[in-house]
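Listed below are the residues making up each chain.
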Amino acid sequence: SHRVFKIDVQGVSGKKIEYLTILWPAIKGFSIETAGNIMDRDSELTLFFNLPDKPTRAGGFPRNSRTRMKLDFRDGQADLFAVQRYISDKLLGSDTVATSQYAPNTSGHQDSGSGSMFAWMGDDNRMIDAAEANRQFHSSPPLLQNCENVELAFRGRRDMLLFTTKRVVFVDIQGFMGMGKKVEYISVPWKTVTAFSVRSAGSWVDKDSEMCLWLDFDDVFNPRRANEDDPPPPPIPRRSWIEIDFQKDKVDTLVVHRYLSERLMRVNGHQLKPFTNPVSSDLLVPSPPGTGEKLLDWIGDNAAAIDAEAVDEKFHEAGMLQHDEHVAFAFKTGRDSLYLTNKRLFVIDVQGFTGKRKEYMSVPLDVIRSWSVESAGSFDRDMELRLWFKGHWNNKVKQDLRKGKADIFAIQSHIAHFIIGSADGTAALANAQAYEPSPPGAATKLLGFLNDAHMKDPVEVTSTLRSSPALLQDDESIEAAFKCGRDLFLISTKRIIVIDKKGITGKSVEYKSYPLMYNKAFSIQTEGHLEGSEAKVYTDDNDIEQDLAKGEKDNIWAIHNILTEKMLNERQAEIGEVEVEIDLSAE
């Protein structure tokens, strides 16, 4: 009831046994696959999760070996859909309804077929009647929970895609021309989808539009080389990033965009829209022809920095934003543009020679795990904004900003407000602001020359970063500060900040923030005979390592105490994470 428990008997003698426990909150998705013909009599269950493992680049292996678990069932010896229902209850919440009647949003939408040989050959999806799909997958097969309903449904040449009130379901019908008995049903809870995009069709040659989903488990695979002398082929995302083709004249991608916005934008803090609240049918009405083109034509007449209020009005007219969502910052670079709202990072990428192909990407602010702003240098006239979001495939967004056309610290403050604004800004240690830098002895001076970090006065650094530049929030202060060469390593009451001066002149400065509440683990290493101590923090992006100069042994324990308080005692639960309570008093 609390975990998946796998017993793996290994070796010839079977004396070596591994007992693997995976808690239910760690499971990110699952699939079931029915048995095939006479030659394939087994059905299969696959669980997707993230367990820590050392990444590998070896060909023919996944990047992380602990992200999938497969179990085979002998046909007729297990009720596969009973197993599926049990896992659904654990990942999606218990079934609360005896029978299901609801699926009105696209009820009556007639499936007119692909209507095109190219769409049929390309397996492009078209929209079908959600009410009919709802009835089908409640009974034959009994895939859905009784309290769960299909809101949008699509069919390709043989496969299907379902958007329900609780998950995304991919139905993969296998075998020649889809006539085989083997069918795979892949279920991805909405809480596992971290970001999404829709892409319109291009010129007349391009017959399909697309939808892309970024998922929160590392399923990246390294293909083998075709020949030993060939360079390693690029990795493939598998289930970490999913792209679905739509038939451009059968699916309104802006309807898909509005639907995904409703299901994936967070409400009430960090929570998803409750499954009991259906997506309004008003949002699923097809957009007027040329909506996207008219919006981009208007944007095209503006300068590098766009008036946020005007953009907000135009976006609401086009139905691109939610009712309570508003644009705070808007920027345009070439044909592309980037927008920051109170709910998401919104990127419009104009593609192709003609520019008719456009991708609309949405990254909810709740899934951003680190970010940085970089000032312009002496020779580089552009500033930069970078964001890393929760995901395992192309999960970085970078935007150049014209110098003098954007306030990078206002942008930084906006992002910080929505990500760490609710975090506790009180000091972890009562005397955190009273540290005295260690007097530099001979060894300290030598190691300082080698760029090991020395303690700086946290009070002075806090005062500086409240105004020059205005980096900190009102209730945020620096608890530990170390200077390493030209750079600074800071631990505030809410985040780790790395200030990196770049170039010969050092005029280009990057300010990168890692929220403490989302860091995964940390370690410290005390100093040795010749080397100083070291602190290391493990994050979703890249690990942070900081060497301290010899003689700073007291400060390494101060770092340990701060991280212990903030990461263990004040940890914020991940989105959709459920606390598992185990009653140890039960006999």
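Model, not experiment: these values are computed from the prediction.

Peer 1: Honestly, the overall build of the protein chain in this entry has me stumped. Any pointers?
Peer 2: Per the secondary structure count, the protein chain includes 10 helices and 30 strands. Of the contacts made within the protein chain by residues no fewer than 6 positions apart, 56% connect residues no fewer than 24 positions apart.

Peer 1: Explain the sheet that holds strand S16 (residues 327-333) to me, please; I cannot follow it from the model alone.
Peer 2: Note: strands within a sheet are paired through backbone hydrogen bonds, in either parallel or antiparallel orientation. Spatial ordering of the open sheet is given by S15-S13-S12-S19-S18-S17-S16, a layout of 7 strands whose pairing is antiparallel. Of all strands in the sheet, those bounded by a partner on one side alone are strand S15 (241-247) and S16. On average, adjacent strands in this sheet sit at an angle of 15° to one another, irrespective of strand direction. As paired elements, strand S12 (residues 193-199) and strand S13 (residues 208-215) share 6 bridges and run antiparallel to each other. Across the sheet, Arg 199 pairs through a bridge with Glu 210, a residue of S13. Where helix H4 (residues 253-264) meets the sheet, its contacts fall on S12, S13, S15, strand S18 (344-351) and strand S19 (357-364), and the angle it forms with S12 comes to roughly 165°.

Peer 1: Can you help me understand a nonpolar patch on the surface in this one?
Peer 2: Together, Phe 5, Ile 7, Val 9, Ile 17 and Tyr 19 make up an exposed nonpolar region whose accessible area comes to about 500 Å². Looking at the nonpolar patch, the elements with two or more residues in it are strand S1 (3-10) and strand S2 (16-23). Structurally, Phe 5 is set in strand S1. For Phe 5, a relative accessible area of 42% corresponds to the partly exposed category.

Peer 1: Would you take a moment to explain a positive patch on the surface for this structure?
Peer 2: Where like charges cluster on the molecular surface, the positive patch consists of Lys 456, Lys 483, Arg 486 and Lys 501. Positionally, Lys 483 belongs in strand S24 (residues 478-484). Classification of Lys 483 as partly exposed rests on a relative accessible area of 34%.

Peer 1: What's the story with the sheet that holds strand S10 (residues 167-173) in this structure? I'm lost.
Peer 2: Strand order across the open sheet formed by 8 strands is S6-S4-S3-S11-S10-S9-S8-S7, with antiparallel pairing between neighbours. Bordering the open sheet on either side are strand S6 (68-74) and strand S7 (126-128), each of which pairs with just one other strand. Strand-to-strand, the axes of this sheet are offset by a mean angle of 20°, without reference to chain direction. With 4 bridges connecting them, strand S9 (residues 160-164) and S10 associate as antiparallel partners. What sits directly across from Met 160, in S10, is Val 171. Running at roughly 165° to strand S3 (residues 27-33), helix H1 (residues 80-92) makes contact with S3, strand S4 (42-49), S6, S10 and strand S11 (183-189) of the sheet. Together, S7, strand S8 (150-155), S9, S10 and S11 form the strand contacts of helix H3 (residues 130-139), whose direction differs from that of S8 by roughly 95°.

Peer 1: Hey, could you run me through the environment of Leu 490 in this one?
Peer 2: Secondary-structure assignment places Leu 490 in strand S25 (residues 487-492). According to the relative accessible area criterion, Leu 490 is buried, its value standing at 0%. Placed 34 residues apart in sequence, Leu 490 and Lys 456 show a C-alpha to C-alpha distance of 9.5 Å. Apart from residues no more than four positions distant in its own chain, Leu 490 is found in contact with Val 461, Leu 465, Ile 478, Ala 480, Ala 481, Phe 482, Arg 495, Ile 496, Ile 497 and Ile 499.

Peer 1: For this particular structure, what's the right way to read the packing of aromatic side chains?
Peer 2: How two aromatic rings sit relative to each other is given by the distance of their centres and the angle of their planes. In total, this model carries 18 aromatic pairs according to the counting rule given. Among the aromatic residues, ring-to-ring pairing joins Phe 154, Phe 163, Trp 190, Phe 246 and Tyr 259 into one connected group. A cation over an aromatic ring shows up here: Lys 512 above the ring of Trp 388, its NZ or CZ 3.5 Å from the ring centre.

Peer 1: Looking at this structure, how should I read the nonpolar core?
Peer 2: Among soluble globular proteins, nonpolar side chains are generally buried collectively. Among the nonpolar cores identified, the biggest contains 48 residues, and Val 363 and Ile 411 are the most heavily contacted of them. With 7 residues, the single largest contributor to this core is helix H7 (residues 408-420). Trp 190, Val 198, Ile 244 and Leu 284 belong to the second-largest nonpolar core, a separate cluster that totals 46 residues.

Peer 1: I would appreciate a short explanation of the pairing of S16 in the present structure.
Peer 2: Within a regular beta strand, the side chains point alternately toward one face of the sheet and then the other, so they alternate between its two faces. Burial analysis of S16 places 5 of its 7 residues in the buried class, the great majority of the element. Linking S16 back to strand S17 (residues 336-341) in an antiparallel pair, the connection comprises 2 residues, with Gly 334 at a positive phi of about 65°.

Peer 1: Sorry if this is basic, but what is going on with unusual backbone geometry here?
Peer 2: For residues besides glycine, phi is generally negative; the peptide bonds are generally trans as well. Residue Pro 141 is bonded to the preceding Ser 140 through a cis peptide linkage, with omega at 5°. On the secondary structure map, Pro 141 appears in the loop between H3 and S8. Here the residue pair Ser 468 and Pro 469 is connected by a cis peptide bond, since its omega of 0° sits within 30 degrees of zero. Tracing the backbone shows Pro 469 in the loop between helix H9 (458-464) and S24.

Peer 1: Just to check I follow, could you spell out the environment of Asp 487 for this structure?
Peer 2: Its place among the elements puts Asp 487 in strand S25. For the pair Asp 487 and Val 509, spaced 22 residues apart in sequence, the C-alpha separation works out to 9.2 Å. In this structure, Asp 487 is in contact with Phe 482, Ile 499, Asp 500 and Lys 501, ignoring residues within four places of it in sequence. Of the polar contacts made by the side chain of Asp 487, one reaches the backbone nitrogen of Lys 501; its length is 2.9 Å.

Definitions and limits used
Residues numbered from 1 in each chain as written. Predicted model: local features only at pLDDT ≥ 70, side-chain atom pairs only at ≥ 80, totals over all residues. Heavy atoms only, no water. Helix = DSSP H or I, 4+ residues; strand = E, 2+ residues; numbered from the N terminus. Contact = heavy atoms within 4.5 Å. Pairing = 2+ DSSP bridges. Axes fitted to C-alpha atoms, helices over the stretch in contact; angles between N-to-C directions. Patch = residues over 30% accessible without salt bridge, like charges linked within 9 Å, V, L, I, M, F, W, Y side chains within 5 Å. Areas by Shrake-Rupley, 256 points an atom, 1.4 Å probe, with all protein chains shown as cover. Salt bridge = Lys/Arg side-chain N within 4 Å of Asp/Glu carboxyl O. Buried < 20%, exposed > 50% of the residue type's maximum accessible area, 1.4 Å probe, protein only. Lys, Arg positive; Asp, Glu negative; His and termini not counted. Charge placed at Lys NZ, Arg CZ, Asp CG, Glu CD. Phe/Tyr/Trp six-rings, centres within 6.5 Å; stacked < 30°, edge-to-face > 60°. Lys NZ or Arg CZ within 6 Å of the ring centre and 35° of its normal. Core = buried A, V, L, I, M, F, W, Y, C linked by side-chain atoms within 4.5 Å. Polar contact = N/O pair within 3.5 Å; in protein donor to acceptor, adjacent residues only side chain to side chain.

Function cannot be read off these values alone, since they describe shape.
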